[in-house]
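Okay, here's what each chain looks like letter by letter:
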Amino acid sequence: MNGSPNGHDVASVHTADSTSEQVNGGSTTLLPRIHEALEIVHGPYSSNDSRRQASLFLEEIKTEEEAPYHGFNLASDKSQQPVVRHYALSLLEHAIRHKWAGYSEEQAELLRSWVLQLSEHISPDDPLYLRNKTAQLWVEIAKRSWASEWIDMDELLVRLWNLPGPVVHKEFVLFVLETLSDEIFNGEDTVAVLREGALSRACVDIFTPAIVLAERFPNRQGGPAVRYGEEGWLVRLGELLNQCLDNDLQANLEYQSCAVKTLGVYKSVMPWAVPQAISSASCVQHMCKALAASSVAVQLGSVEALHALYSRMHFDDDEFLSLVCPMYTSQMVELLRKLFEWSVVDPHDIDDEKYLFAKKFSEMISTVGNYIEQKISAIPEDCDLPNLLNLFLAITQSSSFVISIPVLVTWTRLLRSETIGGSPTITPLIAPLLELCSSRLIRYESMPEDSDDPSLVFLHEDIDTQPERHAFLGNYRRYSTQVIEYIVRQKQSEAIYHILSQVDQSMHHLYDGQPLFAVANYSKISMPVLRVDAHFTVVEAALKGYMKWRAAHGSKPQQDEQERIAMENNLEAWCESLLEMQFEDPIIRKRILQLAVAFSTTALDKKVTFMLKVLEHILMSRPVEQPDFSAYNDAVKELQVDGMYELQRLASKMPDQLLDVYDQLEAKVNEIISSGSLEPKRQVAYQTFLFTIIHRATKIDPEVRLQKLHGFINPVQQLWQNPTMDEAISSFGGFCELLGLSQVRDYLVSRRVHEIDDWGLFQLDAQGQAMQKDLEERLKGLPLRTTKSFLACSTEKIEKDSAPHKVSCVLWREALPVILPNLLKFLSHAHAFHNPANWAGLPPEMRSIVSRILTDRFWQAGISVGSKDDFYARVTGTKSTMEGFASSIRGSVRTVRESCYSILWCMSKLDVDFYGFSELPGPLAHALFIDAHCLSSHQLIALLNVVRLMVDDCPVELRSHFVPPILATCFAQMDAKCSSEWEKLAQKQVAATEGDNLTDEMKEESILRQLTHTAVMMIGGFLDPARQNPKAPSNAKDASTYVAEGNPASAYPSMRKFCLTSSAILEPLLLFLTHAIRMRDSRCCGVVLRVFRSLIPEFADDSPLSASIREFISTNVLKACISSLNEPYFVELQKELAQLIASILTYYSTLTATPRQILLSLPGIEEPSVDKCIDYIMRQGMQQRQQRALVLDLLRDIKGVSISEQGRITKTASAVRKERSKMQQEFLKERTATAEDRKASPSLEGVAGMFEEH
């Protein structure tokens, strides 16, 4: 390419072809053909075929050598239609992006001169998209040559900036500056990333005033002199913004547009600009002035720019004083207050522009407020903190929770500080804050959707899906309770008495304005119940704050002790009055019970008399069931279950106090049991209550303790030594007979259930109802529930090597060998029941009913039709139908299956007494997984949880004995199950028809995502590099049949190293992870990619195992990454996929040629490009961002494109308002589980909090 800007001397670069005829460097036929092709492409009536051919023609022209020349000529010709000129600019863009590296210095200079000419000649008459496209060409050239061959760019920008006349050139420069800043500091463009060092330095140079550069970097090494003038762009931007703001923005849209664009540059620059430069250029003052402008668009731009500045993580004291403190002045606080008051909207008539402003404004204010906690000692006295805090309160009080929550989080940070929380400035705000947070703790998700409550109206407007609303409200409640907790911690008695008096008053007026309690129309989510729940949540938060104060006991111990005694006396009196209140509602009674036990085991733990009153209240509280009213009856059962749980809590928290009255308790429990009115489940609960007191008490003789505990355990052991049961479970048929399931098959065949369409409408006959009752009774006769209960009491919430743990190990040592063989048979048969092949005697045409019978019904938030209560009502209503009969069948099997899981998990807490059996791993793996593929995704989640916990608890010295058979089988099954289910789902979606049940399909997909996530998180936990071995147990194994070496835990490999060096585990693990890269779940795929990135370096040595794994990763994993990179679904994960590919190339390219060969096998990928990419990636000091950009550039032609990128859709104001900031997205996420949460007992009743099953 050579020639001059005016079009002369270019003939030598033109090539003759069959489609064009060269005339003076131009073409007599090409221009009309371009016009024609563009008309076809953009014409609404063009056929698809003609549009495709026209597009191909236009794309082919871009590859021609003379394309840039044609592009310049056409773009310069103002007489051409805008669509033609835009295409002409795309010819130049293609040349710059794809051919720049091949141009000579003269050709590059020529191309740049053309872009400069086009830039200089833009005019207000040109459409905005043409001006922006021209500016983008400038940016593309700058990324490639600025601060290298092109030194005078800044001077050229300043000259354009200073051109007299309309502001069109200034807007052009603003676009260039903003885009350069975004792409250099945040973008993923390969060219910009590879030149990041030179470009970022040049950006700092041209934006920063010269005097600040000299002061801030006195010893800075010299580089290319890229800046022009002394002031720098921050100063010029401020001057322009000031000029725009001094004009009437409403009357002059040109100035308004220019101000918005200037603030856009500020927003892009504020995160990285030198703080002294921001201060020197008075940027904060200019942005604050823009806040007061008479244009919402300008105000919004200012808020976003300020938010970008104050989202920076750190300022030193001087920077804080110059950049943040201006926001704390009286004048500024007053302006902020007026802005907030102006932005308030009516929930029933939302002004989209105002509401969007209010949300952005709240986030900005929260970032300003966060600096108060960080820099409290540096805040000058003339700052108006009282009124600023009043503003914080007003924003938090907003009816819109989305506006309220950012500043609510700020309150938690402020009140956490003793300096701020104890300051007199805060005191006047304490009462309204308490009132606000207390009022917001009601469970809005349980309120009727048609409620007129403004907060609920806003919530439904802002958050469309139920799961996201639940997560958001959960986060809002968490922050509200934190505020209450921190206030009580600071203000103790004053705050607690205020809270208790408010609750007391409300409890006495609970039914004011509400219908009186009636069993017939009972609801668990009536307003009185919701109010009590909210009030008691407040009290629980206050109790937590009080306990933290009590544990800390401040600088005046004697005074604090006196205050503690007085407060606890008052708390006891309040709790006693609460217990005396009479309520008929079972759920309200349950909450009273929970709160009383919470007080008794924390603040009132020294008040034995009160604890005994609570205990008496639980024992004497026996509400009468009313089977005719199912909703009320369910609530009564819930109260009964919770009463048993609270008994257990008292026993585990206060065993020594209860030991003093043990004889009376034992007599009372025996009296209750002998009355004959208790079902077996509650009888066992009472027995485990007594068991726990003896087990946890410290004031008892060890021999007496063991004797008494054996009195509970021996009968349990004897239940497993039943010859009849032994014989029954020796075969699958005997197991079915034992549970009453064998006769079920004959009944189903005789009733020809496969011909019944709606089982919920088919009423059971007398025989069916009798069989249903028989199933329930036979289940009660099994030893599983009793064993599970006593084992749980022996092992849960007990530290390893503690005195109670040692007692448990001794206590169960003889029982385990008796229980385990039959337990594994129960588990194996329960899984086998899900395999249709085991349903002998079932006609072939009825095989399909097996999966129908064993498919759990469950309610899932956001997917199921209707509320959870509606679901329960449907389940209860179909109990006497064929659907209810199927529910009883699967319920029996589920109870056996999940009881076995629970027992195994509890046994695993007994350390080497469980893991030490030499014959255990093989049979256990067989029982767990032989038929696991027949379980549903939903059921497999519980299985995976118990496997994870058993592996986690395995002593390190027994790991090589126990873990490989379990994990090898587990990973192979998970791989097969997840891969086949994702394949089925994909086929269903392809073949979907209008009549399909989308709700069921959505449920299936959601549960499959849950299963996949559970599996990949389990693997992520096992392979966590930070995971350390637990310390070895101090007690030796007495009954173990497996002898391990007596080495300390530190002598054994970590769990990660253990898995990576065991080929039995590693092979199925890597296969599953590789397949997971292709599973359409971005959350799981993201986890897997991070796991793989941590694994790549592990196999860069020269061991034989590493060589084979390296080849597998270089082939299969690399192919999976490339395939996902090619799919639009994975577009959000392209960075992570590219990073993994880069890691493979970095670590393995010198050891094997396989990655290079895989890349060369891709269509359109040339050998020099691959070699250049690998060479650059392997260079010393290459950053991850640069490596990633190189991979994305190499594979740019096979990258998937998201739907949003395939066609630009103009968004309405309402759609823009619903777009979420990063902060808002965080509030919609469930709280991440802590390590403590993950160690908790597995949720064996289904996925907790998300669905209920029947």
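Residues numbered from 1 in each chain as written. Predicted model: local features only at pLDDT ≥ 70, side-chain atom pairs only at ≥ 80, totals over all residues. Heavy atoms only, no water.

Per an unreviewed UniProt entry, the recorded name for the protein is ARM repeat-containing protein, and the organism is Hyaloscypha hepaticicola. Under the Sequence similarities (unreviewed entry) heading, UniProt states for the protein: "Belongs to the exportin family." (UniProt positions renumbered as here; feature names shortened; annotations may be inferred.)

*Asks:* Please explain the packing of helix α31 (residues 630-653) against helix α34 (residues 680-696) as it appears in this structure.
*Replies:* When two helices pack together, their arrangement is given by the angle between their axes and by how far apart the axes lie. Between α31 and α34, the shortest axis-to-axis distance is 8 Å and the interhelical angle comes to 10 degrees. Taken together, α31 and α34 sit at an angle that is classed as roughly parallel. Residues Gln640, Met644, Leu647, Gln648, Ala651 and Ser652 of α31 pack against Arg682, Ala685, Tyr686, Thr688, Phe689, Thr692, Ile693 and Arg696 of α34. For the contact of α31 with α34, the class distribution of residues is seven nonpolar, five polar and two charged. (Axes fitted to C-alpha atoms, helices over the stretch in contact; angles between N-to-C directions. Helix = DSSP H or I, 4+ residues; strand = E, 2+ residues; numbered from the N terminus. Parallel < 35°, antiparallel > 145°, perpendicular 65-115°, else oblique. Contact = heavy atoms within 4.5 Å. Nonpolar A, V, L, I, M, F, W, Y, C, P; charged D, E, K, R; others polar.)

*Asks:* Help me out: how do you make sense of the environment of Pro271 in this one?
*Replies:* Topologically, Pro271 is positioned in the loop between α13 (253-269) and α14 (275-280). Relative accessible area serves as the criterion here: at 44%, Pro271 is assigned to the partly exposed category. Separated by 40 residues in sequence, Pro271 and Ser311 place their C-alpha atoms 7.6 Å apart. Residues within four places of Pro271 in sequence aside, it is in contact with Ala308 and Arg312. (Buried < 20%, exposed > 50% of the residue type's maximum accessible area, 1.4 Å probe, protein only.)

*Asks:* Just to check I follow, could you spell out the side chain of Lys607 for this structure?
*Replies:* Here Lys607 lies in the loop between α29 (586-600) and α30 (608-620). In terms of polar contacts, Lys607 uses its side chain to reach the side chain of Asn569, at 2.4 Å. Discounting residues that sit within four places of it in the chain, Lys607 has contacts with Glu568, Asn569 and Glu572. (Polar contact = N/O pair within 3.5 Å; in protein donor to acceptor, adjacent residues only side chain to side chain.)

*Asks:* Help me understand the packing of aromatic side chains, please; the structure alone is not making it clear to me.
*Replies:* By convention here, two paired aromatic rings are described through the distance between centres and the angle between planes. Overall, the coordinates contain 35 aromatic pairs when judged by the stated rule. Measuring from ring centre to ring centre gives 5.4 Å for Trp342 and Phe357, while their planes differ by 75 degrees; the resulting arrangement is edge-to-face. Here Trp342 is found in helix α18 (residues 330-343), whereas its partner Phe357 is found in helix α19 (residues 352-374), with 15 residues between them in sequence. Taking relative accessible area as the criterion, Phe357 reaches 0% and is therefore assigned buried. A network of ring pairs unites the aromatic residues Trp720, Phe732, Phe735, Phe826, Phe833 and Trp839 as a single cluster. (Phe/Tyr/Trp six-rings, centres within 6.5 Å; stacked < 30°, edge-to-face > 60°.)

*Asks:* For this particular structure, what's the right way to read the nonpolar core?
*Replies:* Soluble globular proteins: nonpolar side chains tend toward being buried together. Counting 409 residues, the largest nonpolar core has Trp146, Tyr328, Trp411, Phe599, Phe914, Ile1077 and Leu1195 as the members making the most contacts within it. Here the element with the most residues in this core is helix α45 (residues 882-908); it accounts for 13 residues. The residues touching Phe914, leaving out its near neighbours within four places in the chain, are Leu816, Leu820, Leu904, Met907, Ser908, Leu920, Leu924, Met950 and Phe962. (Core = buried A, V, L, I, M, F, W, Y, C linked by side-chain atoms within 4.5 Å.)

*Asks:* For this particular structure, what's the right way to read the packing of helix α23 (residues 427-439) against helix α25 (residues 466-491)?
*Replies:* At a minimum axis separation of 9 Å, α23 and α25 run at an interaxial angle of 145 degrees. When you trace α23 past α25, the crossing you get is left-handed. Contacts between α23 and α25 pair Thr427, Ile430, Leu433, Leu434, Cys437 and Ser438 from the former with Ser480, Val483, Ile484, Ile487 and Lys491 from the latter. Across the contact of α23 with α25, the residue classes break down as seven nonpolar, three polar and one charged. (Left-handed = near helix turned anticlockwise from the far one by under 90°.)

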